[in-house]
Every structure is written in C-alpha cells, then in structure tokens.
Amino acid sequence: MEIKSAEFVISAVKNEGLPVHNEVEFMFCGRSNVGKSSFINLLTNRKKLAKTSASPGKTQTLNVFHINASFYFVDVPGYGYAQVSKNVKATFGKMIENYVIQRENLKLVFLLVDFRHKPTEDDVLMYQFLKYYHRKVCVIATKSDKVKNSERAKNKALIKETLNLHSEDSFIVTSAESREGISLVLKKIEEILEQN
C-alpha cells in the first residue's frame, strides 16, 4: 500500500458538513498531545497536510482528507487538554460521538497512545466508547524511539492490559523518527479497504 495523493477536503463541526460519498473512512483519535496530525503527515508523506502546533488542542473540528482519491482520513479533536473550557470539551465530545455513532463509512479507528506511558483514563474511556458502538480499533503506540528495548515488552503489555484490548483489535508500535511500524499501518489500511 502506497499513499500517492492526499488532499485536505473540509473542516466540519457536525456530520451534516461532511462529504457525501460511499468510500471507506478511517478516524484518528487520541490525547491532545499524542501527535495525531504529525502521524497523518507521516503516513501521507506530507509535512503540512494536517496542521500541527507546538501547543496541544489545535484540532477543533472534524478534518477530512481524501487519500489516493479513493478513501478518507478523518482527524478528530484531541481529548484531555486542560486548557480547553468545559463547554468546548462537551462540544468536541458530542462532535466525535455523533461521528462514531452515525457514520456508516467509518470502518476503522486509529487510537493513538504514547508508548512511554500507561494509557490515561481518557484513553480507556475512548476505547470503551468505541467498543460499545462496535467499532474496529487499531491502537497506535507512538514515540517508540524514546523507549528502551528492555522496556518495550513491559510497556506493550501495560497498554494492552490497561485498555483491555479485544482480540479482534490490533496494536502497532510506531515512531515518527525511525518510521517504525508505518508499513504495518499502511498494510492495515489496505486490509480494511480489501474487506470493504
């Protein structure tokens, strides 16, 4: 699987603003500082496709990207950012909830967690929410280059155990620095596209 083209389509605050099509969608979610936008840029080999920021909480809409003119990436607002007001958090929550519940084209959710740390309560809640609505999940553990080899097995087990990862879901360790795991993520995308 190779991503040859990637273009930004639209930023929407509700499902009604999303493109109408019959192609597969992949959602990217995670904590505000986990690096979702950077990860999308890494997958697509475009440095500025998804806007990144030094301050977390930059993504405040459903950002839609058309990939290879045949499927979509949807980047949703991050969670767990303390500087965002309760009202804004509630709005983000509703936006993501409606998308996950109602969007029939959504076939896989990439849930990004930091490989260095135990998943937060918010990570666990997000995973449980996705499973409640029977969404397939691929957990992406980022920043693996910052984890010693001797700690990798322990960290992997801790993340899987904390999330209570279902057997039907996958887990991929990645690094933006070394590009570890990127080919596996692309393979996962290809697998989902073939199934649909």
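Each value, and the rule that gives it
Residues numbered from 1 in each chain as written. Predicted model: local features only at pLDDT ≥ 70, side-chain atom pairs only at ≥ 80, totals over all residues. Heavy atoms only, no water. Helix = DSSP H or I, 4+ residues; strand = E, 2+ residues; numbered from the N terminus. Buried < 20%, exposed > 50% of the residue type's maximum accessible area, 1.4 Å probe, protein only. Contact = heavy atoms within 4.5 Å. Areas by Shrake-Rupley, 256 points an atom, 1.4 Å probe, with all protein chains shown as cover. Patch = residues over 30% accessible without salt bridge, like charges linked within 9 Å, V, L, I, M, F, W, Y side chains within 5 Å. Salt bridge = Lys/Arg side-chain N within 4 Å of Asp/Glu carboxyl O. Phe/Tyr/Trp six-rings, centres within 6.5 Å; stacked < 30°, edge-to-face > 60°. pLDDT = per-residue confidence, 0-100. Core = buried A, V, L, I, M, F, W, Y, C linked by side-chain atoms within 4.5 Å. Axes fitted to C-alpha atoms, helices over the stretch in contact; angles between N-to-C directions. Parallel < 35°, antiparallel > 145°, perpendicular 65-115°, else oblique. Nonpolar A, V, L, I, M, F, W, Y, C, P; charged D, E, K, R; others polar.

> Which residues make up the overall build of the chain, and what are the values?
In terms of regular secondary structure, the chain is built from five helices and seven strands. Listing each helix as α and each strand as β along the chain from the N terminus yields β-β-α-β-β-α-β-α-β-α-β-α. Every one of the 196 residues in the chain was classed for burial, and the buried ones make up 50%. Look at the contacts in the chain between residues 6 or more apart in sequence, and 77% of them connect residues 24 or more apart. As displayed, the chain offers around 10200 Å² of accessible surface, 48% of which is attributable to carbon and sulfur atoms.

> Account for a nonpolar patch on the surface, with residues named and values stated.
A grouping of I101, Y132 and Y133 is seen on the molecular surface, where their side chains present a nonpolar patch of about 310 Å² in accessible area. As for its placement among the helices and strands, Y132 is situated in helix α3 (residues 121-132).

> Summarise the packing of aromatic side chains; cite the residues concerned and give the values.
According to the stated counting rule, one finds 10 aromatic pairs in the structure shown. Seen in terms of ring centroids, F28 and F39 are 6.2 Å apart; in terms of plane orientation they differ by 55°. Their pairing is tilted. Residue F28 is located in strand β2 (residues 25-30), and its partner F39 is located in helix α1 (residues 36-44); the two are separated by 11 residues in the primary sequence. You can call F39 buried: its relative accessible area is 4%. Taken together, F26, F28, F39, F71, F73 and F110 form an aromatic cluster joined through their ring pairs.

> I'd like a description of the confidence of the model for the chain, backed by residues and values.
If pLDDT is low for a region, its predicted coordinates should not be looked at in detail. When the pLDDT values of the chain are averaged, the result is 87; 88% of them are 70 or greater. Counting interchain partners and residues more than four positions distant, the pLDDT-below-50 stretch residues 53-58 has six contacts.

> Pulling in residues and values, what's your account of the nonpolar core?
In this structure, M27, C29, L111, M126, L130, V139 and I159 are the most contacted members of the largest nonpolar core, which totals 33 residues. Element by element, the count of residues in this core is highest for α3, at five residues. Filtering out sequence-adjacent residues up to four positions away, L130 remains in contact with M27, C29, V100, V109, R135 and V137. If you look at the next biggest cluster of nonpolar residues, it comprises 27 residues, including A6, F71, F73 and I140.

> Quick rundown of the packing of α1 against helix α5 (residues 182-195)? Include the residues and the values.
In contact at an axis separation of 10 Å, α1 and α5 are set at 80° when each is read in the N-to-C sense. Between α1 and α5, the angle is such that the two are roughly perpendicular. Here α1 contributes F39, L42 and L43 to the contact with α5, which in turn contributes I182, V185, L186 and I189. A per-class count over the contact of α1 with α5 returns seven nonpolar, no polar and no charged.

> Go over the environment of P77 with me, naming the residues and quoting the values.
Inspection of the secondary structure puts P77 in the loop between β4 (71-75) and α2 (86-102). With relative accessibility at 0%, the residue P77 sits in the buried group. Taking the C-alpha atoms as reference, P77 lies 8.6 Å from R31; in sequence the two are 46 residues apart.

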